[in-house]
Structures are given as C-alpha cells and as structure tokens.
Amino acid sequence: MSLVDAAYARAAANGFGQSCEPEVGRLLAALAAALPPGARVLEIGTGAGAGTAWIAEGLRPRTDVTVDSIEADPAVAAVAATGDWPPFVRLHVADALEFLATAPGGYDLVFADAFGGKIEGLDRTVAKLHPRGTLVVDDMTPVEGWPEDFRAKQDGVRRALLADPQLVTVELAHGSGMIVGVRRPPAG
Ligand SMILES: C[S@@+](CC[C@H](N)C(=O)[O-])C[C@H]1O[C@@H](n2cnc3c(N)ncnc32)[C@H](O)[C@@H]1O
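In this report, the structure presented in the accompanying data block is examined. On a predicted model such as this, the values are computed, not experimentally measured, just so you know. Within every chain, residues take consecutive numbers counted from 1 along the sequence as written. Per-residue local features are limited, in this predicted model, to residues with pLDDT of at least 70; the limit for side-chain atom pairs, both in listing and counting, is 80 or more; totals at the level of whole chains, interfaces and linings are taken over all residues. Computation of side-chain values covers all heavy atoms of the structure but excludes hydrogens and water.

1. A few points about the site of the ligand
To be explicit about the condition: Think of it this way: one heavy atom of a residue within 4 Å of a molecule or strand is enough to make that residue near it. Polar contact is the term for a pair of N or O atoms within 3.5 Å; when the atoms are in protein, one must be able to donate a hydrogen and the other to accept it, and sequence-neighboring residues count only if both atoms are side-chain atoms. The Shrake-Rupley method, run with a 1.4 Å probe sphere, supplies the accessible areas, and residue values consider only the shown protein chains as cover. Three categories are distinguished: nonpolar for Ala, Val, Leu, Ile, Met, Phe, Trp, Tyr, Cys and Pro, charged for Asp, Glu, Lys and Arg, and polar for the others, with Gly belonging to the last.
Taken together, 22 residues are adjacent to the ligand, and Gly 45, Glu 71, Asp 95, Ala 96 and Asp 113 come closest. Cys 20 is positioned such that a nitrogen or oxygen atom in its backbone is 3.0 Å from an oxygen atom of the ligand. Contact distances for the ligand include 3.0 Å between an oxygen atom and a backbone N or O atom of Gly 51. Here the ligand, which alone exposes 600 Å², has 87% of that area covered by the protein. Residues that form the shell around the ligand fall into these classes: 10 nonpolar, seven polar and five charged.

Structure (structure tokens):
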C-alpha cells in the first residue's frame, strides 16, 4: 500500500476526520517534488499523517531532504507514528508555537495545518520560511455549518496572508480552498 493510502486508512481506522483532502495533498506532493537539494519541510499538525505522506510521496526517491511534522496531541501522534515512514521524516510530539520558537533553522516548504502556527502565531510560521520558501494553508473556503467564530478566525488567516508584504500569494479554489505564499528574498 502506498504511504498515502496507508495514511488515509490509518485515519479511518482511528476515527481521525481531519486529514487533508487529496487535492490539497496532490499540491503538496507537487511542491515537494520541486524543492532544491537539501531542502527542509515543515508540517504543522501531523494528524494521522496524510499530509506527511503526500509530501514524502512527492519527494520519492530522494533522501537528501528533511521533513519535520509536529503534532500536539500525543494520542494522535501515536497513530501517525505507526506509519512506515522514510528516514527523512521526523515526527515530533510538540506544540507548534513552542516548536517554532525553539527549532533551529528555516524551511523551504511549510504546510500550516493546525490552530497553532496558523490561527495563532501565523507570523511565527511566516518567519520560519526561507527566502523563496513556500507556505501552504488549506481550509480557506468557508463551509456551511462552520461556527461563526471559526469562520472569522479562518477569514483572519486568509486576510493576513493576502496582505502580508513578505509574501507573494495566490488564492486557489482547489480542494478545501488554499492560499499558497512564497516568501520574497531580501532586496538586492
Ligand atoms: C487538520 S489536522 C492535521 C491534518 C494533517 N496535516 C493532514 O494533512 O492530514 C490538525 C492537527 O493539528 C493538531 N494541533 C492542533 N493544535 C496544535 C498545535 N498547537 N501544535 C501542534 N499540533 C496541533 C491537532 O491535534 C490535529 O491533529
């Protein structure tokens, strides 16, 4: 079974209903495939490992990369940890904001898919992007039935990203609605 199929099967078997949509995963895989040698990838919110699997799938057969994925909930992290991950995937049980504050170095591709680092502390996630690094955020299209406060928070993320002068952004009506932002290099 592929890493991706195994991740969705693991999510279903464990009742985890927040995995990224396959359309989102396909974009992550394509962006991962374009990463430069020695690239570093960060996923905030591992869940059952669907996003991680799409990224790892896009990187195949490379081994020169690092993929850090962070999950705050130990029970959920334990589900993801049962995956048969390639050695370059490092799963961390950590809170996103703590990880962003303490982990050394920056990233070339970031999938911000948790409350921490997206709805709270989005600026810290953007700060972790290398120049020309790419940030992916999903669930940007409001869904009927979302609680009003959640809708407002997602809209706040959307507006903040589209207005961020450090980023070149595009909003995609793809999957759950995505914003892709590339960090501008320094002038000169
Ligand atoms: C939308 S799901 C992630 C789905 C996953 N990225 C995928 O592609 O399938 C969000 C996950 O983030 C985790 N989470 C929530 N707040 C977090 C935080 N502050 N730091 C790290 N993980 C967090 C949740 O426990 C949940 O498993």
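2. Here we look at the pairing of strand E5 (residues 129-137)
Rule in force here: Strands pair, by our definition, only if DSSP identifies at least two bridges between them. Under the DSSP-based scheme used, a helix requires at least four consecutive residues in state H or I and a strand at least two consecutive residues in state E, with every element numbered from the N terminus. A crossover gets the label right-handed when its path from the first strand over the helix to the second runs clockwise, viewed with the strands pointing away from the viewer.
Taken together, the four bridges between strand E4 (residues 107-112) and E5 define a ladder with parallel strand orientation. If you follow Phe 111 over to E5, its bridge partner there is Val 136. With helix H6 (residues 122-127) bridging E4 and its parallel neighbour E5, the resulting β-α-β unit is right-handed. Looking at chain direction, E5 and strand E7 (residues 178-183) are connected through four bridges and run antiparallel.

3. Quick notes on the packing of helix H2 (residues 22-33) against helix H3 (residues 50-59)
We count it as follows: Here an axis means a line fitted to C-alpha atoms, over the contact stretch when the element is a helix, while the angle between two N-to-C directions is reported on a 0 to 180 degree scale. In this scheme the handedness of a crossing depends on how the near helix is turned from the far one: anticlockwise by less than a right angle means left-handed, clockwise means right-handed. Only heavy atoms enter the contact rule, under which two residues are in contact if any of them lie within 4.5 Å.
Contact pair H2 / H3: the axes reach a minimum separation of 7 Å and the direction vectors enclose 35°. Crossing angle aside, the handedness with which H2 passes H3 is right-handed. Between H2 and H3, the contacting residues are Pro 22, Gly 25, Arg 26, Leu 28, Ala 29, Ala 32 and Ala 33 on the first element and Gly 51, Trp 54, Ile 55, Gly 58 and Leu 59 on the second. Here the contact of H2 with H3 is composed, by residue class, of eight nonpolar, three polar and one charged.

4. Remarks on the pattern of salt bridges
Let me state the cut-off plainly: Whenever Lys or Arg places a side-chain nitrogen within 4 Å of a carboxyl oxygen from Asp or Glu, that contact is recorded as a salt bridge. Here the term buried applies to any residue with accessible area under 20% of the maximum for its type, exposed to any over 50%, and partly exposed to those in between, with areas from a 1.4 Å probe on protein chains only.
One pass over the structure, following the stated rule, counts seven salt bridges. Where Glu 57 meets Arg 60, a salt bridge forms, and the shortest distance between an N and an O atom there is 2.8 Å. The exposure class assigned to Glu 57 is partly exposed, which follows from its relative accessible area of 25%. Taking the relative accessible area as the measure of exposure, Arg 60 reaches 58% and is therefore exposed. Between Arg 158 and Glu 171 there is a salt bridge, with its nearest N and O atoms 2.5 Å apart. Here Arg 158 is found in helix H7 (residues 148-163), whereas its partner Glu 171 is found in strand E6 (residues 167-172), with 13 residues between them in sequence. Arg 158 sits in the partly exposed class, given a relative accessible area of 24%. A relative accessible area of 39% places Glu 171 in the partly exposed class. Sharing partners across several salt bridges, the network here consists of Asp 155, Arg 158, Arg 159 and Glu 171.

So, to be careful, I would describe these as geometric facts and stop short of saying anything about function.
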